[in-house]
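Secondary and tertiary structure notes
Each chain, written out:
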Amino acid sequence: MHASRKALNMIKYLILMLTFMCVMIEIIQIVVGAVLHRLFATYTVFIDNDFIRATHFLIAVGIVLVFLSIFGFAGIIFENVIMIFLYAGMFSLVVILEIILASAAFSMYNRVDSMLTRRMTTGIQRFHTDRFMRSSFNHMQTEMNCCGVQSYVDWSNFHPNRDLPNSCCRNFEDGCMPHERGCHSPMSDFIGSRIHMIATGTTIIIVFQIVCIITAIIMGARLSLYKKRLREAGMSTGPVTAPEPIMTEKPKY
């Protein structure tokens, strides 16, 4: 019985450590999701809604898992079998949602180029008629040091009778000297790298969380068996067992 208790304690401390690490990872996930949402919101006219929703989902899942991990933490400390199995079950459901998120992120990564081509072409066409589009396009060209979609020639193709926007110019010494590169390439790298971060980061987190789930199930199963043996022996099933006697032999006089 003492050997069983020792093995159970080892599993208990291991899963407590893993659960604590999981809480830290989920807090990081929430922060990363919030930062990515802020970055995407800056270029919202060039990004489809599902890209923005992916950051919302990342934040929401992180918050749920933080509270779920705290619930599991309590169940493990108090050695409550029902709480541990509920923790493992609910954690498994959320991990399934994260698998869906990772799959969606990999899919979104593959269509960044086509999305940007479509959105940026629409943006340059509506540049002089849509105030919000004009502000967003100017901000992008200024921040990315670029001009047009593929190159500055796009402006003369879409607006042949108008001058280049000031945000296109790298200097004004001899008139407007436009940036030679278009905005599609830097924007593709910018958005693609963030989506790839979501996809790969979520995949790594999922692997770690699966380890947590498996360990929790093992802990619950071993704890259930241990308490069953204690009940059969007529002993207490609480987290703290009765201390062993210090003296095992009768004193000799």
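Up top is the structure.
Below is a short write-up of the structure. (Residues numbered from 1 in each chain as written. Predicted model: local features only at pLDDT ≥ 70, side-chain atom pairs only at ≥ 80, totals over all residues. Heavy atoms only, no water.)

Counting its secondary structure elements, the protein chain contains seven helices and two strands. Of the regular secondary structure in the protein chain, the N- to C-terminal order runs α-α-α-α-α-α-β-β-α. In terms of C-alpha radius of gyration, the protein chain reaches 29 Å, well past the compact-globule figure of 18 Å for 253 residues. Here the protein chain, with 253 residues, has 41% of them falling under the buried criterion. In the protein chain, of all internal contacts separated by at least 6 residues, the share reaching a separation of at least 24 is 77%. With 22 positive and 17 negative side-chain charges, the protein chain shows a spacing of 14 Å between the two charge centroids. (Helix = DSSP H or I, 4+ residues; strand = E, 2+ residues; numbered from the N terminus. Rg over C-alpha atoms; globule rule 2.2 N^0.38 Å. Buried < 20%, exposed > 50% of the residue type's maximum accessible area, 1.4 Å probe, protein only. Contact = heavy atoms within 4.5 Å. Lys, Arg positive; Asp, Glu negative; His and termini not counted. Charge placed at Lys NZ, Arg CZ, Asp CG, Glu CD.)

Mapped onto the secondary structure, S151 falls in the loop between α5 (131-144) and α6 (153-158). S151 gets classed as buried once you look at its relative accessible area, which sits at 19%. Those residues in contact with S151 that sit more than four places away from it in its chain are E180, R181 and G182.

The subject of this paragraph is the packing of helix α4 (residues 112-125) against helix α7 (residues 184-233). At their nearest, the axes of α4 and α7 sit 10 Å apart, and the two run at 130 degrees to each other. Classified by the interaxial angle, the pair formed by α4 and α7 is oblique. Of the two elements, α4 crosses α7, and the hand of that crossing is right-handed. Contact residues: V112, D113, M115, L116, T117 and M120 in α4; H184, M187, S188, I191 and G192 in α7. Broken down by class, the residue content of the contact of α4 with α7 amounts to six nonpolar, four polar and one charged. (Axes fitted to C-alpha atoms, helices over the stretch in contact; angles between N-to-C directions. Parallel < 35°, antiparallel > 145°, perpendicular 65-115°, else oblique. Left-handed = near helix turned anticlockwise from the far one by under 90°. Nonpolar A, V, L, I, M, F, W, Y, C, P; charged D, E, K, R; others polar.)

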